[in-house]
Amino acid sequence: MPPASVKRPRAASAGSPAPTPIAAPRVGFVSLGCPKALVDSEQIVTQLRAEGYEIAPNYRESDLVIVNTCGFIDDAVRESLDAIGEALAENGKVIVTGCLGAKPGEGGGGLVAQAHPGVLAVTGPHALGEVMGHVHQHLPRPHDPFTDLVPEAGIKLTPRHYAYLKISEGCNHRCSFCIIPSMRGDLVSRPIGEVVREAEALLKSGVKELLVISQDTSAYGVDLRYRTDFVGGRPVRTRMTELCQELGALARSHDAWVRLHYVYPYPHVDEVLPLMAQGLILPYLDVPFQHSHPEVLRRMKRPASGERNIERIRGWRAAVPQLTIRSTFIAGFPGETEAQFEDLLAFLKEAQLDRVGCFAYSPVAGASANELDGALPEAVREARRKRFMAVQQRISRKRLRRHVGTVQRVLIDAAGPEGAHARTMSDAPEIDGIVHVAPHPSLRPGGFVQVLIEASDAHDLSGRVVERT
Ligand code: SF4
């Protein structure tokens, strides 16, 4: 079974190497988890290719398999452990990296080593050097100069026209439901010069959309005390607003989009709204509010109360009327009363958010929320999630309907004889909706076209090309 193509179809094709003149050692790669984990995968695959390893399309042709795991929720843990088991059964030589690798097992030792003692090595997330050390030990690096042909932008596991740009690792918050800080550590920001250089290389390689990711984009640079770095010889502070200015200017010169993810509602977020109004970065904010009620937010150890968030949303929309706001919430958090849940529904109706995800609370091993009293039965948590989504579906349907009859610039993700799947500036890849575009000769992946929106539902839009941009 193909290690990457089955679990994550995008991984195999992107990592397929050019033929090399002599047989190079071949590594299979399975990439699981969130965009942050995907960026770790890209860095490892890039390094492997830089050193002359090939990326194998299946277990049989692999000399060794790397599994990049996720350990966030129980389902992800199960999926990761299954993937490791499969790689061991099919190939036998397996190195494990990623969040699950940092997770302790019962009674000491790592969870992965306890579940699968046959693995060659285990590392935590964001551990390129460590992973490569284990690869060198178990599959010595080749000495073939012809294999050094790696594009400047590195190997991307996303489609060629969009790329995740990781600006920092780790997080200084301690939300009670989350174990990411214990797996990925405190915030470590990349200096702004390094981030902008990577962005430029990506844009030069044909990327049309940069997706800025981190655990907390608003906190970018806090750990460095907003240290001044150099971008093209100019001194620039390592800070969110400056980063958005630099990325926006670069993207504009390459006719590309910049989209911000994981933005916390701190006051300085207001500084980036003028950049959205000017069209330098997309008018899109992905803000994980998680709840509205101050008491629930306190138990979650989240900053900012629901009331202030409504004010912020109003302010943002006044500054940028075309702003799309995406958020995520948790229903059925321990101790959440029916009244507090109804407060959340009222917030939702008032906020009129464009894109919303909701999870029924699920206890994550190692999270401090597990110690809270008032745990709710699974049926209640799930029923609240469904009620939440029913309310949001009506809102999403209504907000999407506003696009019908307008002409939107869309970025095409996939195209064929049946038409195309594309996205407006309101839609992030994989998490938001899509635009179904009727067949047209100008449709090609990675291209922008103007589309007249003719219909909508609760998630997606459909329309036809009216003019090439
Ligand atoms: S902000 Fe909270 S939920 Fe997000 S990574 Fe940090 S601790 Fe986890």
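Residues numbered from 1 in each chain as written. Predicted model: local features only at pLDDT ≥ 70, side-chain atom pairs only at ≥ 80, totals over all residues. Heavy atoms only, no water.

Asker: How should I be thinking about unusual backbone geometry in this particular structure?
Answerer: Most peptide bonds take the trans configuration, and most residues that are not glycine carry a negative phi. Phi is positive for Tyr-226, close to 55°, though the residue is something other than glycine. Relative to the helices and strands, Tyr-226 is located in the loop between strand S9 (209-213) and strand S10 (228-231). Positive phi is not limited to glycine here, since Asp-255 has a value of about 50°. Mapped onto the secondary structure, Asp-255 falls in the loop between helix H9 (240-253) and strand S12 (257-260). Taking relative accessible area as the criterion, Asp-255 reaches 38% and is therefore assigned partly exposed. (Helix = DSSP H or I, 4+ residues; strand = E, 2+ residues; numbered from the N terminus. Buried < 20%, exposed > 50% of the residue type's maximum accessible area, 1.4 Å probe, protein only.)

Asker: Explanation requested: the pairing of strand S6 (residues 162-166) in the structure shown.
Answerer: Two faces belong to every sheet, and in a regular strand the side chains alternate between them. For S6, the tally of buried residues reaches five of five residues, placing the bulk of the element in the interior. Of the two faces of S6, both are covered, the one formed by Tyr-162, Tyr-164 and Lys-166 as well as the one formed by Ala-163 and Leu-165. Direction of pairing for S6 relative to S9: parallel, over a ladder of five bridges. Counterpart to Tyr-164 in the pairing with S9 is Leu-211. (Pairing = 2+ DSSP bridges.)

Asker: Help me understand the packing of helix H13 (residues 338-351) against helix H14 (residues 378-401), please; the structure alone is not making it clear to me.
Answerer: Interhelical geometry of H13 versus H14 gives an angle of 15° and a closest axis separation of 10 Å. One element, H13, and the other, H14, form an angle in the roughly parallel class. Here H13 runs over H14; the crossing is right-handed. Across the interface between the two elements, Glu-338, Phe-341, Glu-342, Leu-344, Leu-345, Leu-348 and Lys-349 from H13 touch Arg-384, Arg-387, Phe-388, Val-391, Gln-392 and Ile-395 from H14. Of the residues belonging to the contact of H13 with H14, the class tally is seven nonpolar, one polar and five charged. (Axes fitted to C-alpha atoms, helices over the stretch in contact; angles between N-to-C directions. Parallel < 35°, antiparallel > 145°, perpendicular 65-115°, else oblique. Left-handed = near helix turned anticlockwise from the far one by under 90°. Contact = heavy atoms within 4.5 Å. Nonpolar A, V, L, I, M, F, W, Y, C, P; charged D, E, K, R; others polar.)

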